[in-house]
Amino acid sequence: MRRVNWIKRFAPLDAGSVLEAVYETERWVDQYRHEEEEASRWEVLPGKEPDGPLLLSDTGIYAGAAGVALFYLRLYIADKNEKWLLRAKEGISYVIRKYRGVEDFHSDSEFLPGAEVGYLNSPAGGAYVATRLYEVTKEEKYRDFAIRVTKDCIRAGKEEEGTLTWYGCYGIIGEGSLILFFLDMYRTYQEEEFLQAAKKAALYIVNQKEETPWGGARWNAMPTEHFPTIGKPGGYFPGFEYGAAGCGFILASVYEYTKEEIFLRTAMEAAEYILNLADYSEDKEAALVRYNDTYLTDLYYLGVCQGPVGTSRLFYKLFELTGKDEYRNFIEQLTRGILSTGAPAKHSEGYWRTNCYCCGAPGMLEHFINIHKLTGKKEYLDAAYEAAEAIIGESTHQDLLRNWYTQWNRHEPESSLAYTGLYHGSLGCASSLLFFSQYLSGKDYITPYLEDPYKDLFISNVGKEG
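Residues numbered from 1 in each chain as written. Predicted model: local features only at pLDDT ≥ 70, side-chain atom pairs only at ≥ 80, totals over all residues. Heavy atoms only, no water.

1. Side note on the state of the cysteines
Applicable threshold: Any two cysteine sulfur atoms within 2.5 Å of one another count as a disulfide.
The final tally for this structure, using the stated rule, is zero disulfides. C169 carries a free sulfur, and the closest cysteine sulfur to it, the one in C247, is 9.8 Å from it.

2. Some words on the nonpolar core
Our working rule: To form a nonpolar core, buried Ala, Val, Leu, Ile, Met, Phe, Trp, Tyr and Cys residues must be joined to one another through side-chain atoms within 4.5 Å. Burial classes follow relative accessibility: with a 1.4 Å probe on protein chains only, a residue under 20% of its type's maximum area counts as buried, one over 50% as exposed, and anything between as partly exposed. Counting from the N terminus, the helices are the DSSP runs of H or I reaching at least four residues and the strands are the DSSP runs of E reaching at least two.
Residues Y119, F181, W219 and L433 are the most contacted members of the largest nonpolar core, which totals 173 residues. Examining the composition of this core, we find that twelve residues originate from one element, helix α2 (residues 65-79), more than from any other.

3. Things to note about helix α12 (residues 325-340)
Condition: What a helix is expected to span follows from its residue count: subtract one and scale by 1.5 Å. It only takes one pair of heavy atoms within 4.5 Å for two residues to be counted as in contact.
Here α12 is 16 residues long and its end C-alpha atoms lie 22 Å apart, about the 22 Å a rise of 1.5 Å per residue gives. The complete set of buried residues in α12 reads Y327, F330, I331, E332, Q333, L334, T335, R336, G337 and I338. Elements that come into contact with the buried residues of α12 comprise α10 (261-277), β7 (279-280), β8 (287-288), α11 (308-322), α13 (361-375) and α14 (378-393). Note on α12: the residue one or two positions beyond its end, G342, has a positive phi of about 95°.

4. Looking at the packing of helix α1 (residues 15-30) against α2
Using the following cut-off: To get an axis, a line is fitted to the C-alpha atoms, and for a helix only the part in contact is used. The angle between two axes follows their N-to-C directions and goes from 0 to 180 degrees. With the far helix as reference, a near helix turned anticlockwise by less than a right angle produces a left-handed crossing, and one turned clockwise produces a right-handed crossing. Under the convention adopted here, Pro, Cys and the residues Ala, Val, Leu, Ile, Met, Phe, Trp and Tyr are nonpolar, Asp, Glu, Lys and Arg are charged, and Gly plus all remaining residues are polar.
Interhelical geometry of α1 versus α2 gives an angle of 140° and a closest axis separation of 13 Å. Crossing hand, α1 versus α2: left-handed. Every residue of α2 that contacts α1 at V22, Y23, E26 and D30 is listed here: F71, Y72, L75 and D79. A per-class count over the contact of α1 with α2 returns five nonpolar, no polar and three charged.

5. Some words on the environment of Y445
Of note, Y445 is situated in the segment after α15 (426-440). Each C-alpha atom, one on Y445 and one on R74, is 9.3 Å from the other, the two residues being 371 residues apart in sequence.

6. Here we look at the packing of aromatic side chains
Note the following rule: Centres within 6.5 Å make a pair out of two Phe, Tyr or Trp rings, where for Trp the six-membered ring is used; the pair is then stacked when the planes are under 30 degrees apart, edge-to-face when over 60, and tilted otherwise. Consider the ring centre and the ring normal. A charge sits over the ring if Lys NZ or Arg CZ is within 6 Å of that centre and within 35 degrees of that normal.
Under the defined criterion, the tally for this structure stands at 32 aromatic pairs. Each ring, one from F227 and one from Y242, has its centre 5.4 Å from the other, and the planes form 45°; the classification is tilted. Of this pair, F227 sits in the loop between β6 (217-218) and α9 (244-258) while Y242 sits in the loop between β6 and α9, placing them 15 residues apart in sequence. There is no split in this pair, since F227 and Y242 are both buried. An aromatic cluster is built from F227, F237, Y242, Y291, Y301 and W352, whose rings are joined through pairwise contacts. Against the face of Y167 rests K158, its NZ or CZ located 5.0 Å from the ring centre. Above the face of the F240 ring, R313 is positioned so that its terminal group lies 5.3 Å from the ring centre.

7. Brief notes about the pattern of salt bridges
As a reminder of what qualifies: A carboxyl oxygen of Asp or Glu within 4 Å of a side-chain nitrogen of Lys or Arg is what we treat as a salt bridge.
Tallying each qualifying case throughout the model produces 36 salt bridges. In this structure, R336 engages E379 in a salt bridge whose closest nitrogen and oxygen atoms are separated by 3.2 Å. A residue pair is termed long-range when its members are at least 10 positions apart, and R336 in helix α12 and E379 in helix α14 qualify at 43 residues. Residue E379 is classed as partly exposed on the basis of its relative accessible area, which comes to 33%. Note that D444 and K373 form a salt bridge whose closest N and O atoms lie 2.6 Å from each other. Here K373 lies in helix α13 and D444 lies in the segment after α15, a separation of 71 residues in the sequence. By relative accessible area, which is 8% here, D444 ends up buried.

Honestly, it's all geometry; don't read function into it.
Right under this line is the structure:
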C-alpha cells in the first residue's frame, strides 16, 4: 500500500517536518542547560553523572558544551535566529572559562590517555568551534582562545626523533585527530608552527605502520586487549576512529598541505590494505569491511566509528588528491554495502540501537546526503529519506519535546540512556536532521565537522545559505 497523507503523523517527511523535529530536540536539551557567569553548560547525562571522563567531558565536542555549541552554530546558519548564535557563544564561553592551559593536555588515565587529550574530548574541540564563531562574528576573543589552545597543545607534546606525540594513542579517537585540528588552525590563522606540528605528529603515525598479510599498511592504533568483546592482543582495526582508515586519512590530509610524498604513499598503503581486506558482493556493487582483521571477522560495523561511513572518508580524500576512479568507486561500494544490510531501518550486530552520530543512523544520514551531493544518484537521496525516517522513528516524543535513548556500548545492551551531546547523544540525531532539512531546502551549507572531508563538496555555498 502506497503511503498517503491522510494521517498527518505518518505523512512522508519534508524539510519543514524534519526541521520541527530539530526544534523539539533543542527544547528537550534546553531543559538541562545551566547558566554560569554568562556561560552555559549542559548536563551530559541528565540527572546522572556519566561513568568516567573518557569522551564524556562536559566541555568536549563529543558529548559536552563544545559539541552543543557546534549544534547551535549549525542551527544559526540554518535559520539565522540570533538566539542560537547566543547559545553557541555561551557554550564556548563555558569552555573558555574552564580552560586551564597546558595541563588540559596531560592525563593520568591508565586507559587510553591519548583519547582524553585528543580533539574529541579536550579543549581542542572547543577551539575548533571558537574558530567557526570567529569566522561568523569576527570577535577576537574566539581567535585568541583558539590560538592559545593550539600552542598549549603543541607544548604539551613530546618530541621523539623529529616526531611529535603525547601518549601514543594516535587514532582519530585519540591524539591523531589533533593533527587535523592543527591543519585547520593553520588554514585559518596561517601560523607555520601549526603546520610543522601537524607534520611531526603525522611522521609519528608513519613510523608506527606495520605490513599486513593482505598488502599495504595497518596500525595498532587501539590495542585489541582493551576491548571487552576481544580481550586479547594481536588484532587490527581497519576502520576510521581507531584504525587504518583514520590513520590513512590523517596522513592524506597532511599531504594536502605539505605535498611530501611519504604521507600520500602511506595513506595509499592504508587504502590498499582495506581494499584487499574488504568483502565484496558477487556483482562487486557493494562492499563491507570487517570490524577487526583477526577477531570477530564476521562482524561489520556500519557507522562513522568503524563502519563504511568513516572508512569512506579516506577514499574520498584520496580521490580528491589523485583522481583515481578506484577510490571513488569504493565509496559507492561501501555506501551500497550499508544499504545491502537493510540499514538504516534494519539493525544488526554491528549496528545496534546506538542512536548517535558516532555509530548509528545520524552518521549514515549525513553520509547519504554527502554521497548524493557527490554523485547525484537518486538511490542515495532515497537512502537519506529512509535514514531520517528511521532516526525520527527511534525517538521519544512527548509534550513537543524529543530525545533519543541510546545503547552506547554494544556489549551493554541493557544500558539505554538519553544523553544530550553531539557525537554521543540526542543533538547528534537532531544535527543530522538539520543538515537534511537544509539540503532539501536547497541551502546545503552547514557548519561542518572537522573530520568530515565531504565538507569540500559544500564549501562553494558558504555565504549563500541565506
